[in-house]
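Descriptive structure summary
Listed below are the residues making up each chain.
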Amino acid sequence: MKKFKIYCDGASKGNPGPSSIGIAVYEGETEIHSISRRISDGTNNVAEWAALEAGIEYCLSQDALEVTAYLDSELVVKQFKGEYKVKSPHLQIAKEKVKGLTSKLKLFSIHHVPREKNKRADKLANLAFES
């Protein structure tokens, strides 16, 4: 049974402005995949949701059954868990898409981590601006 950990981060230069995502995927303690890419211009919150979506999509493509996600965006974590409302219609769509993806997993959990614990994903998100 494949169990992955994903560290996700979104970045936006200008908020809204040019945006990117960074995802580091781990199996156990080994990084097995990374994603660093530009996405359409938007807000930081849009980029955070896009990173989470891309990370889960990758895990599903690898037949993962369990995924634990770590984000330094407390807002997205609390929005996903229903502790905060998602007011923007486009972010409600993003949340529903992510919820749909996570429903395909046997087990999914999401956690807020401080920025210091999410350095790899942050670096990947910022690398996307250089290419």
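Going by what an unreviewed UniProt entry lists, the protein is known as Ribonuclease HI family protein and is assigned to Leptospira selangorensis.

**Side note on the packing of helix α1 (residues 44–61) against helix α2 (residues 74–81)**
Axis separation between α1 and α2 bottoms out at 10 Å; the angle between their running directions is 65°. As α1 runs across α2, the sense of the crossing is right-handed. When α1 is examined against α2, the residues N45, E48, W49 and L52 are found in contact with a partner set consisting of L75, V76, Q79 and F80. Taken together, the residues of the contact of α1 with α2 break down into 5 nonpolar, 2 polar and 1 charged.

**Topic: the sheet that holds strand β2 (residues 17–27)**
Where strands meet in a sheet, backbone hydrogen bonds hold them as pairs that are either parallel or antiparallel. Taken in spatial order, the 5 strands make up an open sheet running β3-β2-β1-β4-β5, and their pairing is mixed. Only two strands of the sheet have a single partner each, and these edge strands are β3 (30–42) and β5 (107–112). Pairwise comparison of adjacent strand axes, ignoring direction, gives a mean angle of 20° for this sheet. Each of β1 (3–12), β2, β3, β4 (66–71) and β5 is contacted by α1, which is oriented at about 155° to β1, the strand it contacts most.

The rules behind the values
- Residues numbered from 1 in each chain as written.
- Predicted model: local features only at pLDDT ≥ 70, side-chain atom pairs only at ≥ 80, totals over all residues.
- Heavy atoms only, no water.
- Axes fitted to C-alpha atoms, helices over the stretch in contact; angles between N-to-C directions.
- Helix = DSSP H or I, 4+ residues; strand = E, 2+ residues; numbered from the N terminus.
- Left-handed = near helix turned anticlockwise from the far one by under 90°.
- Contact = heavy atoms within 4.5 Å.
- Nonpolar A, V, L, I, M, F, W, Y, C, P; charged D, E, K, R; others polar.
- Pairing = 2+ DSSP bridges.

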